[in-house]
Amino acid sequence: MYCTRKVTDTIWWVGGNDRRLALFENLFPIPRGVSYNSYVIMDEKTALMDTVDPSITALFLENVAHTLNGRNLDYLVINHMEPDHCSNIEEIMHRYPETTLVCNAKTLQMIGQFFELDLTGRTQIIKEGDTLCLGSHTLHFVAAPMVHWPEVMMAYEDSEKILFSVDGFGSFGALNGNLFNDEVNFDRDWLDDARRYYTNIVGKYGVQVQSVLKKASGLDIQMICPLHGPIWRSNLGYILDKYTKWSTYTPEDKAVAIMYGSMYGNTERAADILASSLSVAGVKDVRVYDISNTDVSELIAEAFRCSHIVIAAPTYNGGLYPVVDTLLHDMKALNLQNRTIALIENGTWAATTNKQMRAIIETMKNMTILDTTLTVKSSVKEAQLEAIQKLADEIAAALV
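Just so we're clear, the structure is a prediction, and the values are computed from it rather than from any experiment.

Conventions we followed
- Residues numbered from 1 in each chain as written.
- Predicted model: local features only at pLDDT ≥ 70, side-chain atom pairs only at ≥ 80, totals over all residues.
- Heavy atoms only, no water.
- Buried < 20%, exposed > 50% of the residue type's maximum accessible area, 1.4 Å probe, protein only.
- Helix = DSSP H or I, 4+ residues; strand = E, 2+ residues; numbered from the N terminus.
- Pairing = 2+ DSSP bridges.
- Axes fitted to C-alpha atoms, helices over the stretch in contact; angles between N-to-C directions.
- Expected span 1.5 Å × (residues − 1).
- Contact = heavy atoms within 4.5 Å.
- Arc of directions from axis to C-beta.
- Polar contact = N/O pair within 3.5 Å; in protein donor to acceptor, adjacent residues only side chain to side chain.
- Parallel < 35°, antiparallel > 145°, perpendicular 65-115°, else oblique.
- Nonpolar A, V, L, I, M, F, W, Y, C, P; charged D, E, K, R; others polar.
- Salt bridge = Lys/Arg side-chain N within 4 Å of Asp/Glu carboxyl O.

Caption draft 1: Fine view of the pairing of strand 21 (residues 340-346). The buried fraction of strand 21 amounts to seven of the seven residues, a majority that puts the element mostly inside the structure. Of the two faces of strand 21, the one lined by Thr 340, Ala 342, Ile 344 and Asn 346 and the one lined by Ile 341, Leu 343 and Glu 345 are each fully buried. Inspection of the sheet shows strand 19 (residues 306-316) paired to strand 21 by seven bridges, in the parallel sense. Across the sheet, residue Ala 312 finds its bridge partner in strand 21, namely Ile 344.

Here it is in structure tokens:
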């Protein structure tokens, strides 16, 4: 049975949700599932904007057929070749033999890598600045390379002022009947997943995102239709501001995230004492995370949100505690920058991790490492409480 919804009088959402999938890209936990969005434009000519993941193929095909209501599908527009959006290309081209596939040259190359599909005479190759007229609707194509794959194109429809933004402005999380941003409490229910989605998947490509945002600023956009998560039809400035901050690596909040690795609880104790000391120093937004029990994607999202980060790590086999090492290398890989960092190390016979953490952080851009560091030898002693409060005071002063 189909499950569609009107986006406008002439555009339909024909996507679906997957609440069974545990890991997005077999990597990122998605306890709230994920949506796969696709859209049909009904005009003198019909166009399907991207496809969906194979997990919802049956529903998707019913949705498309119901929306077309017996009409031919004139165009299949493929803006992004990641399998969660392109997996039904072959099925659509078989079911609608008169369909023309619209894509750029790099996308066509990737189609050949994913499918053994004869598209002779059935493609229309476009590039940035090209248009596709459907009647009263005209699609203008905007190149968005490395947001977050090299072939990505976005499409702007000028009559209804809609940006089909591909993975841009998307989010983890299944849609629970509410399709639009103004039908949900986005701050409460969606922002954390949207931030985690952006920072872990697109976070590395801030410069490229900035380029696309600059292009978008020249368009009169009234609605943003992403391939995951809610459609934006109001308060666009809110999500554009978030993307500006995330893509320029500007902290959202003056806040402190304390991220610790701890084998037997001693480094954890140091982290907790520091958190309490920060509170005494007047810092209100402090969050403490056990790196071993928090998925690294959540830690990355918090690192993008917070202005100040404390990393606490024991020595392990003469090196960094493995989960701390993973976190720091993920931060570097995702291009995190413009943060203030404080370091805490622990070791029973060789406390060496401050030096090792510093060596990694110093290879990252515009990172300030506070002069005050803390060395714990096995467990925190009362004599060190003053040093912990000094570190807390320095962090608090840096927040001003």
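There is more to say, and it comes next.
Caption draft 2: Representation of the sheet that holds strand 13 (residues 138-143) within the structure. An order of 12-13-14-15-16 is seen for the five strands of this open sheet, with the pairing classed as mixed. Edge positions in the sheet fall to strand 12 (131-133) and strand 16 (223-226), since each of these pairs with one other strand and no more. Taken over all neighbouring pairs, the strand axes of this sheet differ in orientation by 25° on average, direction set aside. As paired elements, strand 12 and strand 13 share three bridges and run antiparallel to each other.

Caption draft 3: Representation of helix 8 (residues 236-247) in the model. The end-to-end C-alpha separation of helix 8 is 16 Å, in line with the 16 Å expected for 12 residues at 1.5 Å each. In this structure, the buried residues of helix 8 make contact with helix 5 (186-189), helix 6 (191-202), helix 7 (206-217), strand 16 and helix 10 (296-305).

Caption draft 4: How the structure looks around the pairing of strand 15 (residues 162-166). In terms of burial, strand 15 is a largely internal element, five of the five residues being buried. Of the two faces of strand 15, the one carrying Ile 162, Phe 164 and Val 166 and the one carrying Leu 163 and Ser 165 are both buried. Relative to strand 15, strand 14 (residues 153-157) runs antiparallel, the two sharing three bridges. Paired with Tyr 156 across the strands is Leu 163, a residue of strand 15. Where strand 14 folds back on strand 15, the antiparallel hairpin that results is connected by four residues, among which Lys 161 adopts a positive phi of roughly 60°. As paired elements, strand 15 and strand 16 share four bridges and run parallel to each other. Pairing of Ile 162 across the sheet is with Met 223, part of strand 16.

Caption draft 5: The arrangement of the environment of Ala 342 in detail. Among the secondary structure elements, Ala 342 is positioned in strand 21. Accessibility expressed as a relative area gives 1% for Ala 342, which makes it buried. C-alpha of Ala 342 to C-alpha of Asn 354: the two residues are 12 residues apart in sequence and 9.4 Å apart in space. Beyond its immediate chain neighbours, meaning those up to four positions away, Ala 342 contacts Ile 309, Val 310, Ile 311, Leu 370, Leu 391 and Ile 395.

Caption draft 6: Molecular detail of helix 4 (residues 105-114). Taken residue by residue, helix 4 has Thr 107, Met 110 and Ile 111 as its buried positions. One side of helix 4 holds all its buried residues, which, seen down the axis, span an arc of 110°. Turned more than 90 degrees from where helix 4 packs its buried face, Ala 105, Gly 112 and Gln 113 sit exposed. Where helix 4 is buried, its residues contact helix 3 (89-95) and strand 10 (100-103). Where helix 4 begins, one side-chain oxygen reaches toward the backbone nitrogen of Lys 106, 3.2 Å away; that side chain belongs to Asn 104.

Caption draft 7: Focus on the packing of helix 6 against helix 10. At their nearest, the axes of helix 6 and helix 10 sit 8 Å apart, and the two run at 95° to each other. Comparing their axes, helix 10 and helix 6 come out roughly perpendicular. Counting all contacts with helix 6, which are made through Arg 195, Arg 196, Thr 199 and Asn 200, the residues of helix 10 involved are Val 296, Ser 297, Glu 298, Ile 300, Ala 301, Phe 304 and Arg 305. In the contact of helix 6 with helix 10, the residues fall into four nonpolar, three polar and four charged.

Caption draft 8: Local environment of unusual backbone geometry. Note that the residue after Val 147, namely His 148, is joined by a cis bond; omega there is 5°. Note that His 148 resides in the loop between strand 13 and strand 14. If you check the backbone angles, Val 166 has positive phi at about 60° while not being a glycine. Structurally, Val 166 can be placed in strand 15. Unlike most non-glycine residues, Ser 378 shows phi in positive territory, near 80°. Here Ser 378 lies in the loop between strand 23 (374-376) and helix 13 (385-399). For Ser 378, a relative accessible area of 27% corresponds to the partly exposed category.

Caption draft 9: Quick look at the side chain of Thr 340. Tracing the chain through its elements places Thr 340 in strand 21. Of the residues examined, Thr 340 reaches a relative accessible area of 15% and is grouped as buried. Apart from residues lying up to four places away in sequence, Thr 340 is in contact with Ser 307, His 308, Ile 309, Thr 368 and Leu 370.

Caption draft 10: Structural context of the pattern of salt bridges. Evaluation of the coordinates by the stated rule reveals 20 salt bridges. In this structure, Glu 128 engages Lys 215 in a salt bridge whose closest nitrogen and oxygen atoms are separated by 2.8 Å. Taken together, the positions of Glu 128 in the loop between strand 11 (123-125) and strand 12 and Lys 215 in helix 7 put the pair 87 residues apart, joining distant regions of the chain. Overall, Lys 215 belongs to the partly exposed group, its relative accessible area being 29%. The residue Asp 285 makes a salt bridge to Arg 305 at a minimum N-O spacing of 3.0 Å. Of this pair, Asp 285 sits in the loop between helix 9 (266-280) and strand 18 (286-290) while Arg 305 sits in helix 10, placing them 20 residues apart in sequence. Each of Asp 253, Asp 285, Arg 287, Glu 302 and Arg 305 takes part in salt bridges that share partners, so that together they form one network.

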